[in-house]
Amino acid sequence: MTLTNAGYNVDYIGTQTSNTHPGLGDEINHEGHSGWRVSAASSGLYENILGWLAQIADPDVVLVHIGTNDTNDDNFSGTINELDALIARIAAARPYAHIIVTTLLKRGANDSDSKYVLIKNEFNPYVAGVVQAHQNAGRRVH
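Residues numbered from 1 in each chain as written. Predicted model: local features only at pLDDT ≥ 70, side-chain atom pairs only at ≥ 80, totals over all residues. Heavy atoms only, no water.

Novice: If you had to explain the overall build of the protein to someone new, which residues and values would you point to?
Specialist: A tally of helices and strands in the protein yields four helices and two strands. In summary, the protein has a C-alpha radius of gyration of 15 Å against a globular reference of 14 Å for 142 residues, a match within 12%. Overall, the C-alpha framework of the protein stretches about 40 × 35 × 30 Å when taken along its three principal axes. Within the protein, buried positions represent 30% of all 142 residues. Of the contacts formed within the protein by residues at least 6 apart in sequence, a portion of 55% connects residues at least 24 apart. Counting only carbon and sulfur atoms, one obtains 49% of the accessible surface of the protein, whose full area is about 8400 Å². Seen as two clouds, the 9 positive and the 15 negative side-chain charges of the protein have centres 4 Å apart. (Helix = DSSP H or I, 4+ residues; strand = E, 2+ residues; numbered from the N terminus. Rg over C-alpha atoms; globule rule 2.2 N^0.38 Å. Buried < 20%, exposed > 50% of the residue type's maximum accessible area, 1.4 Å probe, protein only. Contact = heavy atoms within 4.5 Å. Areas by Shrake-Rupley, 256 points an atom, 1.4 Å probe, with all protein chains shown as cover. Lys, Arg positive; Asp, Glu negative; His and termini not counted. Charge placed at Lys NZ, Arg CZ, Asp CG, Glu CD.)

Below is the structure:
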C-alpha cells in the first residue's frame, strides 16, 4: 500500500492465486507457500523455485522470507547454507531481478521460546553476511 501511495505500480506475480497471505490486499498472484522450508525434498523452495520461475514473467523484485518452518528440523543449523544456495539459484535464473532477503520474525510469544532462540542465534545473525557475499559476487541481492 505504501508503494502504491508513493506512485509505484506494484503487481505481484506468481503461480499461486489464493489470497491466503496477509498483506497482499487485492492481489491474487503470488508465490507464497505456507508451511514450506528452504530445502526439503518435495516441500522445499530450493527444489521447486526453477519450475515456478519458468511459469511467470521476469520479476523486477523477488522477496525472500523463508526459514521459519525449518526450525522444526533437527538440522536447522544448515538452513543458512540452504538459504545461500536458494539465493544463488534465484539469481542465476533471474539475473536482472533484485532479490530482497529478510531475517525472520519472532515465532513464539517471548524471547525464550526455543524456536525463536534458534532463529535469533543460528539464522538471523548470518543473513547479512550471505547477502553481502552475493553482492560481492555481483548479484542484485539486498
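Novice: Talk me through the pairing of strand β1 (residues 61-64); I want residue IDs and the actual numbers.
Specialist: Here β1 shows a buried face lined by Val-62 and Val-64 and an unburied face lined by Val-61 and Leu-63. Relative to strand β2 (residues 98-101), β1 runs parallel, the two sharing four bridges. If you follow Val-62 over to β2, its bridge partner there is Ile-99. Crossover connection from β1 via helix α3 (residues 79-93) to parallel β2: handedness right-handed. (Pairing = 2+ DSSP bridges. Right-handed = clockwise from strand over helix to strand, strands pointing away.)

Novice: If you had to explain the nonpolar core to someone new, which residues and values would you point to?
Specialist: Counting 27 residues, the largest nonpolar core has Val-64, Leu-83, Leu-86, Ile-99 and Val-101 as the members making the most contacts within it. For this core, the elements supplying multiple residues, two or more each, are α2 (45-54), β1, α3, β2 and α4 (114-136). Beyond its immediate sequence surroundings of up to four residues, Val-64 is in contact with Leu-83, Leu-86, Ile-90, Ile-99, Ile-100, Val-101 and Thr-102. (Core = buried A, V, L, I, M, F, W, Y, C linked by side-chain atoms within 4.5 Å.)

Novice: Would you mind going over the confidence of the model for the protein in detail, with residue names and values included?
Specialist: A low pLDDT score tells you not to read the predicted coordinates there in detail. In this model, the protein carries an average pLDDT of 89, and 90% of its residues clear a pLDDT of 70 or more. Element-level mean pLDDT values for the protein span from 80 in helix α1 (residues 2-5) up to 98 in β2. (pLDDT = per-residue confidence, 0-100.)

Novice: If you had to explain the packing of aromatic side chains to someone new, which residues and values would you point to?
Specialist: The tally for this structure, following the rule as stated, stands at two aromatic pairs. Lying across the ring of Tyr-46, Arg-89 places its NZ or CZ 3.7 Å from the centre. (Phe/Tyr/Trp six-rings, centres within 6.5 Å; stacked < 30°, edge-to-face > 60°. Lys NZ or Arg CZ within 6 Å of the ring centre and 35° of its normal.)

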